[in-house]
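# Topology and contacts: notes
These are the residues of each chain, in order.
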Number of protein chains: 2
Amino acid sequence: MKNKHPHAELGMRITPLRDGLIELFLNNPGIAFSESELNDITGKSFDRTTVYRTIRTLLNKVFIHKIVCEEGVLRYALNDKINVLRNHPHFQCTICGQVKCLQDQYIKDYPLPKGYEVMNVNLLIRGVCIHCNSDTSR
Amino acid sequence: MKNKHPHAELGMRITPLRDGLIELFLNNPGIAFSESELNDITGKSFDRTTVYRTIRTLLNKVFIHKIVCEEGVLRYALNDKINVLRNHPHFQCTICGQVKCLQDQYIKDYPLPKGYEVMNVNLLIRGVCIHCNSDTSR
DNA sequence: ACGCTATTTGCAACATTGTTGCACATATAG
DNA sequence: CTATATGTGCAACAATGTTGCAAATAGCGT
């Protein structure tokens, strides 16, 4: 049985935007994009609503994960299939703004007061990335 | 030399809203409030702009610190004078929404790729708090 | 106790992020 | 190729946060 479409296994209709975003995430593993960044990259040729809904669909399919960034912008990055269930920290450069998954690490446990229960953890490390650090023109 | 006002040492004019918010933060150490929560608590008797500007002033005075919460809402909590410089994790209950400082803990170090530099870290643990865990009526 | 002035406030307008309802368009099963 | 379940675009909306400017006021010196 041959796949009709390279992404058919995701179990949803493949439309131009979905195809474009899936390709983008696959080509940029470990890089997180916000809705407005995705919108820019796709040449603003799709309605913002559709981008948001596509993001939600890809989240529901566990194809991407959500990162809460500084100043309350949400970003999304490809899931590492090996470690989908394991939370990893994220790094955001305060100069260029890029957000990366630190996929080779896991978020350590923090003891909670008695009676408290953990469900999920969001760890954002902010600083300067290697590109901005070595860019003397800035 | 006697203080003219209990909060005069912060080095700013004390106005009704500032006084109210300072009292609120002092009376609720380790609890984080968003602008809309602060606005509700003060009976919505102040302009939102003024609340935002007061928050900014208190941040600049290093009297409170900022927490980036789920879905991109910013919250603010009193600084622990002993550990102002040390980052601590925060806990948010997914049921009642309350955000607490885990001030008895510190955020562990995470090794970054070569050339990367840390400036600050935001760790939000989400789960169920003791009150919501033991509230069987929910 | 009072006036002066730098600081604060309230208002209006705006930007950005994100959501929902509904009519129209289209991907894909048969 | 067609039918229809699914997806898209548009319009409207909600929430959060910012800026500019004129009016109000905290708190200084007198």
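In this report, we go over the structure that sits alongside the text. (Residues numbered from 1 in each chain as written. Chains lettered and ligands numbered in written order. Predicted model: local features only at pLDDT ≥ 70, side-chain atom pairs only at ≥ 80, totals over all residues.)

## Considering the protein's contact with DNA strand D
Among the 25 residues in the neighbourhood of DNA strand D, the closest are listed as Thr-15 and Thr-50 of chain A together with Arg-13, Ser-36 and Leu-74 of chain B. Breaking the surface near DNA strand D down by element, the ones donating at least two residues are α1 (16-27) and α3 (48-60) of chain A together with α2 (35-41) and α3 (48-60) of chain B. It is α3 of chain A that provides the largest number of residues to the surface near DNA strand D, a total of 4 residues. Broken down by class, the residue content of the surface near DNA strand D amounts to 7 nonpolar, 10 polar and 8 charged. (Near = placed C-beta within 6 Å. Helix = DSSP H or I, 4+ residues; strand = E, 2+ residues; numbered from the N terminus. Nonpolar A, V, L, I, M, F, W, Y, C, P; charged D, E, K, R; others polar.)

## Points about the interface of chain A and chain B
Each partner contributes to the interface: chain A provides 32 residues, whereas chain B provides 32 residues. Looking at which element gives the most residues to the side of chain A that touches chain B, the answer is strand β6 (residues 117-128) of chain A, with 12 residues. For the side of chain A that touches chain B, the residue count by class is 19 nonpolar, 9 polar and 4 charged. (Contact = placed C-beta atoms within 7 Å.)

## Digging into the sheet that holds strand β1 (residues 31-34) of chain A
The mixed open sheet is built from 12 strands, whose spatial order is β2(A)-β3(A)-β1(A)-β5(A)-β4(A)-β6(A)-β6(B)-β4(B)-β5(B)-β1(B)-β3(B)-β2(B). With one partner strand each, in any of the chains shown, β2 (64-68) of chain A together with β2 (64-68) of chain B form the two edges of the open sheet. Across the sheet, the mean angle from the axis of one strand to that of its neighbour is 30 degrees, orientation sign disregarded. Sheet analysis places β2 of chain B next to strand β3 (residues 74-78) of chain B, joined by 5 bridges and oriented antiparallel. Paired with Val-68 of chain B across the two strands is Leu-74 of chain B, which belongs to β3 of chain B. (Pairing = 2+ DSSP bridges. Axes fitted to C-alpha atoms, helices over the stretch in contact; angles between N-to-C directions.)

## Quick look at the environment of Lys-66 of chain B
Residues and elements named next belong to chain B. Summarising the element assignment, Lys-66 is placed in strand β2. When the 17 C-beta atoms within 10 Å are taken as the criterion, Lys-66 is described as partly exposed. As a C-alpha pair, Lys-66 and Leu-78 span 12 residues in sequence and 9.3 Å in three-dimensional space. (Buried ≥ 20, exposed ≤ 12 C-beta atoms within 10 Å, placed from the backbone.)

## What about the pairing of strand β1 (residues 31-34) of chain B?
The side chains of a regular strand alternate between the sheet's two faces. Residue and element names in this part refer to chain B. Where β1 meets strand β5 (residues 99-101), 2 bridges bridge the pair, whose relative direction is antiparallel. If you follow Ile-31 over to β5, its bridge partner there is Lys-100. The pairing of β1 with β3 spans 2 bridges and is antiparallel. Paired with Phe-33 across the bridge in β3 is Tyr-76.

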